[in-house]
Amino acid sequence: MLTETPQPRPARDGPARSEVWFHIVLVLGVSLGSSAVYAVLNLAETLSRGPLTDAEATLNQVLSPVPAIDLLRQLASIGFALVPVLLALYLLAGSLPGIAVVLRRIGVDGRRPWRDAVWGVGLFLAMGVGTLVLYQTGRALGVTAAITTSALNEHWWTVPVLILSALRHSVVEEIIVVAFLCDRLRRIGWSWVTIAVLTSLFRASYHLYQGFGPALGNLIMGLVFVWVYRRYGRLAPLLIAHALLDITGFLLPQLLAR
């Protein structure tokens, strides 16, 4: 009696649906997902104390009264924040050598520096004006906290650390929220419209500690950024725009105060 030879199963061209969700939970759980949870809790606590117009939100806080220790803690905080980015890239690539391929695929490869720069500066100017308008409107309506972008004391390393902090925020948010989440959610069959809306809502959620004005601004920014990424397939302009927004926001108040 003849028996059938078992046929090998066809190789999958990507992780299973359950694995994709596990990737999402894993990356967000050690990065912006926890930030979103704490932002919501901070907002709830602030509202329980009084109106948002009386609240304050401080970015880039002093981490030690000893300047040398403060510098080391600032650098450690920035460095550890980039670990989830490496995890996201590794999960996208499936191997360490594949990370370079992923970076080329998402448009972080230096192949179009001038075009990326022009788009980045254009997005920076558009988002920057909108951010200022929404912040001032939110303050006037009492739905936005007073934001202090830096409470660091003046040292020789203050400006470089603020620039590194801005670059950290740009890399973490754009690679995880746009490149990683868009890829994972597309793999499970979600439409680009759904992805744009939900990732933008997520982007807004971890800014809620600043109030509803900045959250709305980040929601709009998220929608625009996903559209640009979907249209041109390059993350570099988003990284440039986000970095310029944060560098300006972190440094300008300090320069004006001198």
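Reading guide: rules and limits
- Residues numbered from 1 in each chain as written.
- Predicted model: local features only at pLDDT ≥ 70, side-chain atom pairs only at ≥ 80, totals over all residues.
- Heavy atoms only, no water.
- Helix = DSSP H or I, 4+ residues; strand = E, 2+ residues; numbered from the N terminus.
- Buried < 20%, exposed > 50% of the residue type's maximum accessible area, 1.4 Å probe, protein only.
- Contact = heavy atoms within 4.5 Å.
- Axes fitted to C-alpha atoms, helices over the stretch in contact; angles between N-to-C directions.
- Left-handed = near helix turned anticlockwise from the far one by under 90°.
- Nonpolar A, V, L, I, M, F, W, Y, C, P; charged D, E, K, R; others polar.
- 1 Å grid on protein atoms, 1.4 Å probe; cavity = no way out; pocket = protein on both sides within 12 Å on 5 of 7 lines; lining within 4 Å.
- Points joined across faces, edges and corners; volume = space filled by probe spheres on them.
- Core = buried A, V, L, I, M, F, W, Y, C linked by side-chain atoms within 4.5 Å.
- Expected span 1.5 Å × (residues − 1).
- Arc of directions from axis to C-beta.

**Student:** I would appreciate a short explanation of the overall build of the protein chain in the present structure.
**Tutor:** In terms of helices and strands, the protein chain carries ten helices and two strands. Moving toward the C terminus, one meets the helices and strands of the protein chain in the order α-α-β-α-α-α-α-β-α-α-α-α. Overall, the protein chain is about 90 × 40 × 35 Å in size when its C-alpha atoms are taken along their principal axes. The proportion of buried residues among the 258 residues of the protein chain is 41%. Long-range contacts, defined here as pairs at least 24 residues apart, represent 79% of the contacts in the protein chain between residues at least 6 apart.

**Student:** Is there a simple way to explain the packing of helix H8 (residues 192-205) against helix H9 (residues 212-232) in this structure?
**Tutor:** Angle between the axes and distance between the axes: these two values describe a pair of packed helices. Taken N-terminus to C-terminus, the directions of H8 and H9 make an angle of 145°; their axes are 8 Å apart at the nearest point. Crossing of H8 over H9 shows right-handed handedness. Counting all contacts with H8, which are made through Trp192, Ala196, Val197, Thr199, Ser200, Leu201, Arg203 and Ala204, the residues of H9 involved are Ala215, Asn218, Leu219, Met221, Gly222, Leu223, Phe225, Val226, Tyr229 and Arg230. In terms of residue class, the contact of H8 with H9 is made up of twelve nonpolar, four polar and two charged.

**Student:** Any chance you could explain the layout of surface pockets here in plain terms?
**Tutor:** Sizing a probe to match a water molecule and rolling it over the atoms shows the empty space that remains. Computed from the structure, the second largest pocket encloses a volume of approximately 220 Å³. Lining of the second largest pocket is provided by Asn42, Glu45, Thr46, Arg49, Gly50, Pro51, Asp54, Ala55, Glu56, Ala57 and Tyr209. Looking at the lining of the second largest pocket, the elements that each hand over two or more residues are helix H2 (32-49) and strand E1 (56-58). When residues in the lining of the second largest pocket are grouped by element, the largest group, four residues, is from H2. In terms of residue class, the lining of the second largest pocket is built from four nonpolar, three polar and four charged.

**Student:** Explain the nonpolar core to me, please; I cannot follow it from the model alone.
**Tutor:** Generally speaking, a soluble globular protein has its nonpolar side chains buried in company with each other. Ranked by size, the top nonpolar core spans 42 residues in total, and within it Ile176, Phe180, Phe202, Tyr229, Leu235 and Leu238 carry the most contacts. Ranked by residue count, the leading element in this core is helix H7 (residues 158-187), at ten residues. In this structure, isoleucine 176 is in contact with Val27, Leu28, Ser31, Leu32, Pro84, Val85, Ala88, Val171 and Leu181, ignoring residues within four places of it in sequence. Ranked by size, the runner-up nonpolar core spans nine residues in total, among them Leu152, Trp157, Val161 and Ala166.

**Student:** Could you clarify how one ought to interpret H2 in this entry?
**Tutor:** Helical geometry: 3.6 residues make up each α-helical turn, so side chains three or four residues apart lie on a common side. For H2, spanning 18 residues, the distance from its first C-alpha to its last is 26 Å, which sits close to the expected 26 Å at 1.5 Å a residue. Of the residues making up H2, those classed as buried are Leu32, Gly33, Ala36, Ala39 and Leu43. Seen from one end, H2 has its buried residues packed into an arc of 115°, which puts them on one side. Relative to its buried face, H2 has exposed residues pointing more than 90 degrees away, namely Tyr38, Leu41, Ser48 and Arg49. Those residues of H2 that are buried lie in contact with helix H1 (17-29), H7, H8 and H9. Following H2 by one or two positions, glycine 50 adopts a phi angle in the positive range, close to 160°.

None of this, on its own, says anything about what the molecule does.
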